[in-house]
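What the coordinates show
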There are 2 protein chains.
Amino acid sequence: MPSAAILIADGTEEMEFTIAFDTLVRAGVACRSLFVPDPASVTADAPVPLYATCSRGLRVVYDATLDIEAHTDFDALIIPGGAKGAETLSKTLTVQRLVREYLEEGKLVGMICAGSLTALTAQLPRQPLTSHPSVKTALENDFDYSEDPVVISGKLVTSRGPGTTFPFALTLVSILCGEQTRAEVQAPMVFPTGTPF
Amino acid sequence: MPSAAILIADGTEEMEFTIAFDTLVRAGVACRSLFVPDPASVTADAPVPLYATCSRGLRVVYDATLDIEAHTDFDALIIPGGAKGAETLSKTLTVQRLVREYLEEGKLVGMICAGSLTALTAQLPRQPLTSHPSVKTALENDFDYSEDPVVISGKLVTSRGPGTTFPFALTLVSILCGEQTRAEVQAPMVFPTGTPF
């Protein structure tokens, strides 16, 4: 059974997180949600909370806090967007190091929306990439910027926003589990006739 | 500011819950998540947990447990799917009573996926309706069953599954907040070109 770590922080976009998590679980991927605290919010007096407060107020109980020593053995690493959450994830050195290590080991890395900023902060080499339009200017000089809904560049898969999270997650399923599993996961979700993926 | 109560139970489909919640918050709707316990799981020794465990394992901290006296004053009531969650919601008498009261008062009621079973258990009159295909046979004799992605019947809006939750939620935004707000919410979600809603 493939496995995936899906990162979450305060301010993560809850639709992007949840659609990725749920779609991968439906495909049989063992998913773990790993919380990355905002360094500014962690003090001796304020312990790390047991849930993430997402961008529109949804509170998600996570499985564990990110521990770089313990979390190198998943088959995929996924970084959702949400402006504040993606800022925390992309600026966290351990996240940047994990992204580089996963790609160097030929493992799958997915970034969506403002989560794609992590490609910049992890200093990944120039390659095709997309993101939410709101962070395009931060990325277009260092990457071959695309406006496709999902961009596959080797083992780096990037996407744009909540409206592209289903094709993003289904693309991850295709890569991790194959096209037949993708079809089995996609059909009972009942997408409207004419959906372009 | 319009308000909406979004019901949640153990086994609720987390994508359907989260997309509805997040999309309505983006539209400026004041959303509250209200937990409905499975009667079988509530005993004196096992207090109601502080979060719902959704259909694919996501744990969502809810705002309050459903209290029929306190929760009659929202502008909309939304019932997500997920087989086990929808069974709990649809079989709960207070949910059935709230659905009837909301519709009698001309307020909006949304049901998606197996959540549409609540139209049957609340004994709503025959009218156009859709649901997840897996519960079609339970509904098609008592309603004018449709396979459209979103069905509007007066103030009852029904839909099919995770793949139709975006057009379902955006339809609720259109009704509660108007078409201009819907357009302002939909654009930054970055749906793929050719998306049929």
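Residues numbered from 1 in each chain as written. Chains lettered and ligands numbered in written order. Predicted model: local features only at pLDDT ≥ 70, side-chain atom pairs only at ≥ 80, totals over all residues. Heavy atoms only, no water.

Here is the rule: UniProt positions are given in the numbering used here, feature names are shortened, and annotations may be inferred rather than shown by experiment.
In the nomenclature of an unreviewed UniProt entry, chain A is known as D-lactate dehydratase of Mycena indigotica. The UniProt entry for chain A carries this comment under Catalytic activity (unreviewed entry): "methylglyoxal + H2O = (R)-lactate + H(+)".

Describing the relation of the copies chain A and chain B
Selection criterion: We superpose the copies by least squares over the C-alpha atoms of residues that have a pLDDT of at least 70 in both of them. Working rule for contacts: check all heavy atoms of both residues, and any pair within 4.5 Å makes them a contact.
For these two chains of identical sequence, chain A goes onto chain B by a turn of 180° and a shift of 0.0 Å along the axis, with RMSD 0.0 Å. Seen this way, the second copy is the image of the first under a two-fold rotation axis. Among all residues of chain A, the one whose C-alpha sits closest to the rotation axis is A:Val60, at a distance of 2.4 Å. Comparing interface residues between copies, 100% of those in chain A also sit at the interface in chain B, which points to an isologous, same-surface contact.

What about the sheet that holds strand β5 (residues 64-65) of chain B?
Residue and element names in this part refer to chain B. Quick reminder of the rule: Strand pairing is assigned whenever DSSP identifies at least 2 bridges connecting the two strands. In this description a helix means any DSSP run of H or I spanning at least four residues, a strand means any run of E spanning at least two, and both kinds are numbered starting from the N terminus. Angles here are taken between N-to-C directions and fall from 0 to 180 degrees, while the axes themselves are lines fitted to C-alpha atoms, restricted in helices to the stretch in contact.
Spatial ordering of the open sheet is given by β5-β2-β1-β6-β7-β11-β10, a layout of seven strands whose pairing is mixed. At either end of the open sheet lies a strand with only one pairing partner, and these are β5 and β10 (150-153). Judged from the six bridges that link them, strand β1 (residues 3-8) and strand β2 (residues 30-35) form a sheet pairing that is parallel. Looking at the pairing, Ile-8 lines up with Phe-35 of β2. Against the sheet, helix α3 (residues 93-104) makes contact with β1, β6 (76-79), β7 (108-112) and β11 (156-159), and its axis sits at roughly 140° relative to β6, the strand it touches most.

Some thoughts on the sheet that holds strand β10 (residues 150-153) of chain A
Residue and element names in this part refer to chain A. Read from one edge to the other, the open sheet built from seven strands follows the order β5-β2-β1-β6-β7-β11-β10, with strand pairing classed as mixed. Across the chains shown, the open sheet's two edge strands, defined by having one partner strand only, are β5 (64-65) and β10. Here β10 pairs with strand β11 (residues 156-159) via four bridges, running antiparallel. Across the sheet, residue Ser-153 finds its bridge partner in β11, namely Leu-156. On the sheet, helix α3 (residues 93-104) packs against β1 (3-8), β6 (76-79), β7 (108-112) and β11 and is oriented at approximately 140° with respect to β6.

Brief notes about the side chain of A:Arg182
Residues and elements named next belong to chain A. Selection rule: Under the scheme applied here, a residue whose accessible area is under 20% of the maximum for its type counts as buried, over 50% as exposed, and between as partly exposed, the area being computed with a 1.4 Å probe on protein chains only. We count Lys and Arg on the positive side and Asp and Glu on the negative side, and we leave His and both chain ends out. Each salt bridge in this description consists of a side-chain nitrogen of Lys or Arg and a carboxyl oxygen of Asp or Glu lying within 4 Å of one another.
Inspection of the secondary structure puts Arg-182 in helix α7 (residues 179-186). Buried and without a salt bridge, Arg-182 has Glu-179 as its closest oppositely charged side chain, separated by 4.7 Å. Leave out the neighbours within four places in its chain, and Arg-182 touches Leu-170, Thr-171, Val-173, Ser-174 and Phe-197.

Comments concerning the side chain of B:Ser159
Residue and element names in this part refer to chain B. Quick note on the threshold: Two N or O atoms form a polar contact when they lie within 3.5 Å of each other; inside protein one atom must be a possible hydrogen donor and the other a possible acceptor, and for residues adjacent in sequence the pair counts only when both atoms belong to side chains.
Position of Ser-159 among the secondary structure elements: in strand β11. Using a relative accessible area of 0% as the deciding quantity, one classes Ser-159 as buried. A polar contact of 2.6 Å, which involves the side chain of Ser-159, links it to the backbone oxygen of Pro-149.

Quick notes on the packing of helix α1 (residues 14-26) of chain B against helix α6 (residues 165-177) of chain B
All names here are of chain B. Put simply, the test is: Working rule for handedness: look at the near helix, and if it is turned counterclockwise from the far one by less than a right angle, call the crossing left-handed; if clockwise, right-handed. In the scheme used here, Gly and all other residues not listed as nonpolar or charged are polar, with Ala, Val, Leu, Ile, Met, Phe, Trp, Tyr, Cys and Pro taken as nonpolar and Asp, Glu, Lys and Arg as charged.
The interhelical angle for the contact between α1 and α6, taken along N-to-C directions, is 35°, at an axis separation of 9 Å. Read as a crossing pair, α1 and α6 show a hand that is right-handed. Facing Met-15, Glu-16, Ile-19, Ala-20, Thr-23 and Leu-24 of α1, the residues of α6 in contact are Thr-165, Phe-166, Ala-169, Leu-170, Leu-172, Val-173 and Leu-176. The residue makeup of the contact of α1 with α6, split by class, is 10 nonpolar, two polar and one charged.

Notes on the interface of chain A and chain B
We count it as follows: Simply put, the buried area is the total loss of 1.4 Å probe accessible area from both parts when two parts are fitted together.
The interface is formed by 39 residues belonging to chain A together with 39 residues belonging to chain B. Of all residues in chain A, A:Met15, A:Arg56 and A:Arg59 bury the most surface against chain B, accounting for 20% of the area lost on that side. For the pair chain A and chain B, the number of links is four salt bridges. One salt bridge in this structure joins A:Asp63 and B:Arg59, with 3.2 Å as the shortest N-O distance. Secondary-structure elements contributing two or more residues to the side of chain A that touches chain B are α1 (14-26), β4 (59-61) and α6 (165-177) of chain A. Of the residues contributing to the side of chain A that touches chain B, the split by class is 21 nonpolar, 10 polar and eight charged. The sheet contact formed by β4(A) and strand β4 (residues 59-61) of chain B spans three bridges and is antiparallel. Of the residues in β4(B), the one forming a bridge with A:Arg59 is B:Val61.

Considerations on the pairing of strand β2 (residues 30-35) of chain A
Put simply, side chains in a regular strand alternate between the two faces of the sheet. Residues and elements named next belong to chain A. Rules: Here the term right-handed applies to a crossover when the path leading from its first strand over the helix to its second strand runs clockwise, the strands being oriented away from the viewer.
This β-α-β element, β1 to α1 to β2, shows right-handed connectivity. Bridge count for β2 against β5 is two bridges, and the pairing is parallel. The partner of Leu-34 across the bridge, within β5, is Ala-64.

Thoughts on α3(B)
All names here are of chain B. For clarity, the threshold we go by: Here, expected helix span is obtained from the residue count minus one, scaled by 1.5 Å. For this quantity, the arc is that covered by the directions from the helix axis to the C-beta atoms.
End to end, α3 covers 17 Å across 12 residues, agreeing with the expected 16 Å (1.5 Å per residue, within 8%). Those residues of α3 not exposed but buried are Val-95, Gln-96, Leu-98, Val-99 and Tyr-102. Relative to the axis of α3, the buried residues are bounded by an arc of 165° and lie together on one face. Away from its buried face by more than 90 degrees, α3 exposes Leu-93 and Glu-104. Positive phi appears at Gly-106, one or two residues downstream of α3, with a value of about 75°.

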